[in-house]
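# Structural overview for review
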Amino acid sequence: MIDQAKQSVAAANHDHVAVIELIDVHKRFDDLVVLNGVNLTLESGQTTVIIGESGAGKSVLLKHIVRLLKPDSGAIHFRGRRIDQLSERELAAIRPQFGFLFQLSALFDSLTVGQNIAFPIAQHTKRKRREIDKIVAEKLAMVGLDGFEDQWPSELSGGQKKRVALARAIALDPELILYDEPTTGLDPPRADEINELILKLQRELSVTSVVVTHDMASARKVANRIVMLYEGDFIFDGTPESIDQCNDPRVRCFVEGRCSDDMLRTLKEKASS
Ligand SMILES: Nc1ncnc2c1ncn2[C@@H]1O[C@H](COP(=O)(O)OP(=O)(O)O)[C@@H](O)[C@H]1O
Ligand SMILES: [Mg+2]
């Protein structure tokens, strides 16, 4: 499937250091093959967007990148070090390098906003209370929620919850931030605030980012590179500009938000029966 776009992206990135490398990663759940030999190299400082239909395996792929899931076969490297075979104890030292924004924010409802963000800092470092409070305030300011420390998650809007979850994800200054459908469920202005934050964090923290989305407007805005997952492998890998030149009908359907021909036929058949 290697196309010209992919080669030019690879050439442009030649000088960058690989933060993550997935090599021939396979994953199945019983009979369901989700990842069928995926290869992916994430270059330092780049934002890669993963698109694909619901159930394509995007979240499963993200969880492999941070070793929340283990591949059946293949290898995962972080900064040149193989991590797929590490024990949980060995992984504990690496995990702080990964900031994960889960699909459903996943805040602790029984903790205040400030306590939510302080949680990973207290868990992974020996910092004193006063230092932690300072970091919490900084991270909240970074996502535009200055002074929200004492609020409860239940008092927040959906967009604010995402931003708190993002502040928590960056609490330990991770090298890699992973966003799982960060704009899903938000109205367009709120979704665009999240896009702007993704761009801001990339700019100000020089992080490497991976964004899973089926929101093409968001993909185009934040991506240096877009990859499309389909039936266990990538069928597109290129720049946001080059996706408009891609003639693969599976890519076109997704990008243009059109129904596939098969689906149209099924709908017509149903309507006439
Ligand atoms: N832990 C699991 N056990 C069994 N099946 C799973 C598990 N996680 C995901 N799946 C299945 O793998 C497929 C891909 O899931 P997922 O990565 O969540 O898709 P999406 O692209 O929508 O994020 C789905 O069919 C899902 O039901
Ligand atoms: Mg998902």
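For the structure itself, consult the block above.
Before going into details, it helps to say that this report is about the structure given with it. Because the structure is predicted, anything quoted here is derived from the model rather than measured.

The helix and strand tally for the protein chain stands at 10 helices and 10 strands. The C-alpha radius of gyration of the protein chain comes to 20 Å, within 12% of the 19 Å expected for a compact globule of 273 residues. By principal-axis analysis of the C-alpha atoms, the protein chain measures approximately 65 × 45 × 40 Å. When each of the 273 residues of the protein chain is scored for burial, the buried share is 35%. Across the protein chain, contacts joining residues at least 24 apart in sequence account for 67% of those joining residues at least 6 apart.

Our focus in this paragraph is the sheet that holds strand S6 (residues 98-101). In space, the six strands of this open sheet follow the order S6-S7-S8-S3-S9-S10, with mixed pairing throughout. Each edge of the sheet is formed by a strand with only one pairing partner; in this case those strands are S6 and strand S10 (233-238). When strand polarity is set aside, the average angle formed by the axes of neighbouring strands in this sheet is 15°. Pairing geometry for strand S7 (residues 176-180) and strand S8 (residues 208-212), over five bridges, is parallel. Residue Asp180 lies in a different strand from S8, and its bridge partner there is Val212. Of the strands in this sheet, strand S3 (47-51), S7 and S8 touch helix H7 (residues 188-205), which is tilted by about 165° from S8.

Next up on the list: the pairing of strand S2 (residues 32-43). In this sheet, S2 lies alongside strand S1 (residues 18-29) in antiparallel orientation, the contact comprising nine bridges. Across the sheet, Glu21 pairs through a bridge with Thr41, a residue of S2. What sits between S1 and S2 in their antiparallel hairpin is a turn of two residues, with Asp30 showing a positive phi close to 50°.

A few words on the environment of Arg82. Mapped onto the elements, Arg82 comes out in strand S5 (residues 81-82). Leaving out residues up to four positions away in the same chain, Arg82 has contacts with Ala75 and His77.

Around ligand 1, the surrounding shell consists of Phe29, Leu32, Val34, Gly52, Ser54, Gly55, Ala56, Gly57, Lys58, Ser59 and Val60. For the shell around ligand 1, the elements supplying multiple residues, two or more each, are S2 and helix H2 (58-65). No other element matches the three residues that H2 contributes to the shell around ligand 1. Partitioning the shell around ligand 1 into residue classes produces five nonpolar, five polar and one charged.

Take helix H5 (residues 129-142) next. The end-to-end C-alpha distance of H5, which contains 14 residues, comes to 20 Å, matching closely the 20 Å that a straight helix rising 1.5 Å per residue would cover. Where H5 is concerned, the buried positions are Val136, Lys139 and Leu140. Here the buried residues of H5 occupy an arc of 100° about the axis, which is enough to place them on one side. Among the exposed residues of H5, those pointing more than 90 degrees away from its buried face are Arg130, Glu131 and Lys134. Here the buried face of H5 lies against helix H4 (113-124) and helix H6 (158-169).

Spatially, S2-S1-S4-S5 is the arrangement adopted by the four strands of the open sheet, whose pairing is antiparallel. Sheet topology places S2 and S5 at the edges, where each strand pairs with a single neighbour. Across the sheet, H2 touches S1, S2 and strand S4 (73-78), and the angle it forms with S1 is around 130°.

H5 packs onto H4 with a crossing angle of 120° between their chain directions and a minimal axis gap of 9 Å. With respect to their mutual orientation, H4 and H5 come out oblique. Here H4 and H5 pass one another in a crossing that is right-handed. Across from Gly114, Ile117, Ala118, Ile121 and Ala122 in H4, the residues of H5 making contact are Ile132, Ile135, Val136, Lys139 and Leu140.

Conventions we followed
- Residues numbered from 1 in each chain as written.
- Chains lettered and ligands numbered in written order.
- Predicted model: local features only at pLDDT ≥ 70, side-chain atom pairs only at ≥ 80, totals over all residues.
- Helix = DSSP H or I, 4+ residues; strand = E, 2+ residues; numbered from the N terminus.
- Rg over C-alpha atoms; globule rule 2.2 N^0.38 Å.
- Buried ≥ 20, exposed ≤ 12 C-beta atoms within 10 Å, placed from the backbone.
- Contact = placed C-beta atoms within 7 Å.
- Pairing = 2+ DSSP bridges.
- Axes fitted to C-alpha atoms, helices over the stretch in contact; angles between N-to-C directions.
- Near = placed C-beta within 6 Å.
- Nonpolar A, V, L, I, M, F, W, Y, C, P; charged D, E, K, R; others polar.
- Expected span 1.5 Å × (residues − 1).
- Arc of directions from axis to C-beta.
- Parallel < 35°, antiparallel > 145°, perpendicular 65-115°, else oblique.
- Left-handed = near helix turned anticlockwise from the far one by under 90°.

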